[in-house]
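# Tertiary structure, described
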Amino acid sequence: MRRLPVYFLVDISETSDINKLNMCLKKFLLCIREDPYVLEIAFISIITIGDTAKIALPLTHNCEIKAIPMFNTEKGMVLGAALNLLMDDMDKN
C-alpha cells in the first residue's frame, strides 16, 4: 500500500496561539477522515519547534491517532534544527 506522509512543523514559541494550533490540527484530522482514499494512505507526523526541536508524534497512520498531543509554549525557536530533524525522519521512513 502507498503511504502519503504528512509532516507538520508546529511553532510552539511564545508568539504562537496554542489553542488555535490544537483546534486546527483536530479539524485537519477530521477532514482527512472524511475522504476514504486519504483515510487509507495518510500518515501524520508532528514536529514541534520551540527552544528545541522534537518529534511530538512519530509518523503514524491517521486511523491510529486517538488524540493530538498537548503542546506547551517554549521561549525560543530553532527552525534549522527542526528542518534537520524533518529531513532525518523522512530519510528514515
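Thresholds applied
Residues numbered from 1 in each chain as written. Predicted model: local features only at pLDDT ≥ 70, side-chain atom pairs only at ≥ 80, totals over all residues. Heavy atoms only, no water. Helix = DSSP H or I, 4+ residues; strand = E, 2+ residues; numbered from the N terminus. Buried < 20%, exposed > 50% of the residue type's maximum accessible area, 1.4 Å probe, protein only. Contact = heavy atoms within 4.5 Å. Expected span 1.5 Å × (residues − 1). Arc of directions from axis to C-beta. Salt bridge = Lys/Arg side-chain N within 4 Å of Asp/Glu carboxyl O.

### Quick look at the side chain of Glu 74
Tracing the chain through its elements places Glu 74 in the loop between strand 3 (53-61) and helix 3 (79-92). Relative accessible area serves as the criterion here: at 14%, Glu 74 is assigned to the buried category. With near-sequence residues (within four places) excluded, Glu 74 lies in contact with Ile 12, Ser 13, Glu 14, Gly 50, Asp 51, Thr 52 and Lys 54.

### Focus on helix 3
Taking 1.5 Å of rise per residue, the 14 residues of helix 3 would be expected to cover 20 Å, and the 20 Å separating its terminal C-alpha atoms lies within 8% of that figure. Within helix 3 the residues assigned to the buried category are Ala 82, Leu 86 and Asp 89. Around the axis of helix 3, the buried residues are gathered within 70° of arc, so they sit on the same side. Turned more than 90 degrees off the buried face of helix 3, the exposed positions are Asn 84, Asp 88, Asp 91 and Lys 92. Buried residues belonging to helix 3 abut strand 1 (4-11), strand 2 (42-49) and strand 3.

### Remarks on the pattern of salt bridges
On inspection of all chains with the given rule, the structure shows three salt bridges. Residue Lys 54 pairs with Glu 74 through a salt bridge whose shortest N-O separation is 2.9 Å. Within this pair, whereas Lys 54 is found in strand 3, its partner Glu 74 is found in the loop between strand 3 and helix 3, the two being separated by 20 residues in sequence. Exposure remark for Lys 54: the relative accessible area of 39% places this residue in the partly exposed category. The salt bridge partner of Lys 92 is Asp 89, with a shortest N-O separation of 3.9 Å. With Lys 92 and Asp 89 both in helix 3 and three residues apart, this pair spans about one turn of that helix. Among the residues examined, Lys 92 registers a relative accessible area of 65% and is labelled exposed. On the accessibility criterion, Asp 89 (6% relative accessible area) is buried.

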